[in-house]
Amino acid sequence: GQQLNQSPQSMFIQEGEDVSMNCTSSSIFNTWLWYKQDPGEGPVLLIALYKAGELTSNGRLTAQFGITRKDSFLNISASIPSDVGIYFCAGVNNAGNMLTFGGGTRLMVKP
Amino acid sequence: NAGVTQTPKFRVLKTGQSMTLLCAQDMNHEYMYWYRQDPGMGLRLIHYSVGEGTTAKGEVPDGYNVSRLKKQNFLLGLESAAPSQTSVYFCASSYTGGLALKQYFGPGTRLTVT
């Protein structure tokens with residue numbers, strides 16, 4: 001099946017620092033999604049990207065849909081303790097009804 | 001409005017036992033999904049349903065069965081549990097069409113098979 005590779009697998013940063021993570025695929029996706037999962041909870045959708053080259057922000061979060069349609073990036077500016085969690089990228093299949101998830105990036109923030 | 005709920009939250013099974021996980025949503029969503037989450041592997045789709053009375057296989061369907069007798073409920077069954085099925089199971093639901101991209105997840109069920 002399709003594979004999504006996320007990096008880094010984990011990050012331990014100081015509060016206030018900016019964070020970057022990315023997701024790459026061996027296949028093209030027409031839509032990229034970024035989710036956050038808090039401990040003991042299900043994932044929550046943060047940002048959806050629908051067009052190659054698109055740059056979208058949601059508060060301190062900014063995500064970009066790569067030009068090749070095989071990658072996506074998520075940046076978090078001025079991190080705070082509540083940013084702790086696992087961030088997942090997901091690509092949408094051509095039919096638009098199935099997601100393929102990356103392995104996740106675990107973010108830890110030191111106050 | 002409870003969103004997506006899952007029961008039970010935790011369960012321990014012995015190898016060979018059977019059980020059913022229940023997912024319920026009160027958002028009148030057409031699509032429902034069952035995923036499993038294993039360390040370092042993200043979420044993998046087990047089965048999904050695009051409407052009442054319909055089901056389809058996802059990426060890892062073997063060893064599981066599902067039923068969608070009512071629009072608001074999606075059941076995941078394990079007929080003969082195996083240790084490889086130890087995982088956290090998430091249910092999700094979404095609207096149809098392009099809005100199917102926005103999936104709402106339940107809190108998860110942690111299953112251990114010994």
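Preceding this paragraph is the structure being described.
Here the structure is a predicted model, which means the values were calculated and not measured.

Turning next to the packing of aromatic side chains. All names here are of chain A. For the coordinates displayed, the defined rule picks out 11 aromatic pairs over all chains. Between the aromatic rings of F88 and F101, the centroid separation amounts to 6.3 Å while the plane-to-plane angle is 85°, which identifies the pairing as edge-to-face. A residue pair is termed long-range when its members are at least 10 positions apart, and F88 in strand β9 (residues 85-92) and F101 in strand β10 (residues 99-101) qualify at 13 residues. Taking the relative accessible area as the measure of exposure, F88 reaches 1% and is therefore buried. Classification of F101 by relative accessible area gives buried; the value is 5%.

Next up on the list: the sheet that holds strand β3 (residues 19-25) of chain B. All names here are of chain B. Pairing within the open sheet is antiparallel, and its four strands lie in the order β1-β3-β8-β7. Edge positions in the sheet fall to β1 (4-7) and β7 (65-67), since each of these pairs with one other strand and no more. With direction set aside, neighbouring strand axes in the sheet form an average angle of 20°. Across four bridges, β1 lies against β3 in antiparallel orientation. Paired with Q6 across the two strands is C23, which belongs to β3.

This part covers the pairing of strand β2 (residues 10-14) of chain A. Residues and elements named next belong to chain A. Of the two faces of β2, only the one carrying M11 and I13 is buried; S10, F12 and Q14 on the other face are not. Summarising the sheet, β2 and strand β11 (residues 105-110) pair through five bridges and their orientation is parallel. Note on β11: the bridge partner recorded for F12 is M108.

Before going further, it helps to examine the state of the cysteines. Enumeration according to the criterion identifies two disulfides over all chains in this entry. Disulfide pairing places A:C23 opposite A:C89 at an S-S distance of 1.8 Å. The sign of the S-S torsion, about 45°, decides the handedness of the disulfide formed by A:C23 and A:C89: right-handed. Taken as a pair, A:C23 in strand β3 (residues 19-25) and A:C89 in strand β9 lie far apart in primary sequence, 66 residues in all. Judged on exposure class, the residue A:C23 and its partner A:C89 are both buried. Bridging B:C23 to B:C91, the disulfide has an S-S length of 1.9 Å. When the S-S torsion is -75°, as for the bridge of B:C23 with B:C91, the disulfide is left-handed.

The next thing to look at is the interface of chain A and chain B. Every contact between the two is made by 19 residues of chain A and, on the other side, 21 residues of chain B. With both sides pooled, the region where chain A packs onto chain B buries about 1500 Å², and carbon together with sulfur makes up 62% of that total. Put simply, chain A and chain B have one residue pair in polar contact (both at pLDDT 80 or more) between them. Residue assignment for the side of chain A that touches chain B shows that the elements contributing at least two residues are β4 (32-37), β9 and β10 of chain A.

What follows concerns unusual backbone geometry. The omega torsion of the bond from A:S7 to A:P8 falls at -5°, within 30 degrees of zero and hence cis. One can find A:P8 in the loop between β1 (4-7) and β2. Looking along the chain, the bond that leaves B:T7 and enters B:P8 is cis, with omega of -5°. In this fold, B:P8 is placed in the loop between β1 and β2 (10-13).

This brings us to the layout of surface pockets. Taken as a whole, the largest pocket encloses approximately 780 Å³ of empty space. As for the largest pocket, its lining consists of 36 residues, of which A:Q37, A:I86, A:R106, B:Q37 and B:R110 are closest to the centre. Every element with two or more residues in the lining of the largest pocket is listed here: β9 and β11 of chain A together with β9 (87-94) and β11 (109-113) of chain B.

Moving on: the sheet that holds strand β8 (residues 71-76) of chain A. Residue and element names in this part refer to chain A. Strand order across the open sheet formed by five strands is β1-β3-β8-β7-β6, with antiparallel pairing between neighbours. Looking at the sheet topology across the chains shown, the edges are occupied by β1 and β6 (55-58). For this sheet the average axis-to-axis angle between neighbouring strands, irrespective of direction, equals 15°. Relative to β3, β1 runs antiparallel, the two sharing four bridges. Opposite N5, over in β3, you have T24 as the bridge partner.

Basis of the calculations
Residue positions are counted from 1 within each chain, in the order its sequence is given. Chains carry letters and ligands carry numbers; both start at the beginning, A for chains and 1 for ligands, and go up in the order they are written. Totals for whole chains, interfaces and linings use all residues, but because this is a predicted model, local features are given only for residues with pLDDT of at least 70 and pairs of side-chain atoms are given and counted only at 80 or more. With hydrogens and water stripped out, all remaining heavy atoms of the structure feed into the side-chain values. Any pair of Phe, Tyr and Trp rings, taking the six-membered ring for Trp, is counted once the centres come within 6.5 Å. Such a pair is stacked with planes under 30 degrees apart, edge-to-face with planes over 60 apart, and tilted for the rest. A helix here means a DSSP run of H or I that spans at least four residues, while a strand means a run of E at least two residues long, and both kinds are numbered starting from the N terminus. Each residue's exposure class comes from its accessible area (1.4 Å probe, protein chains only) as a fraction of the maximum for that residue type: buried when under 20%, exposed when over 50%, partly exposed otherwise. At least two bridges found by DSSP between two strands are what make those strands a pair. Only the stretch in contact is used when a helix axis is fitted, and all axes are lines through C-alpha atoms; the angle between N-to-C directions ranges over 0 to 180 degrees. The term disulfide is used for any two cysteine sulfur atoms that are within 2.5 Å. Here a residue-residue contact requires only that any non-hydrogen atoms of the pair lie within 4.5 Å. Once two parts are put together, the accessible area they lose, assessed with a 1.4 Å probe and summed over both, is termed the buried area. Each polar contact in these results corresponds to two N or O atoms within 3.5 Å; when the atoms are within protein, one needs to be able to donate a hydrogen and the other to accept it, and residues that are neighboring in sequence are counted only if both atoms are side-chain atoms. A 1.4 Å probe that fits but cannot get out identifies a cavity on a 1 Å grid over protein atoms alone, an open set with protein on both sides within 12 Å along at least five of seven lines counts as a pocket, and a residue lines either if it has an atom within 4 Å of a point. Grid points are joined across faces, edges and corners, and a volume is the space filled by probe spheres set on the points.

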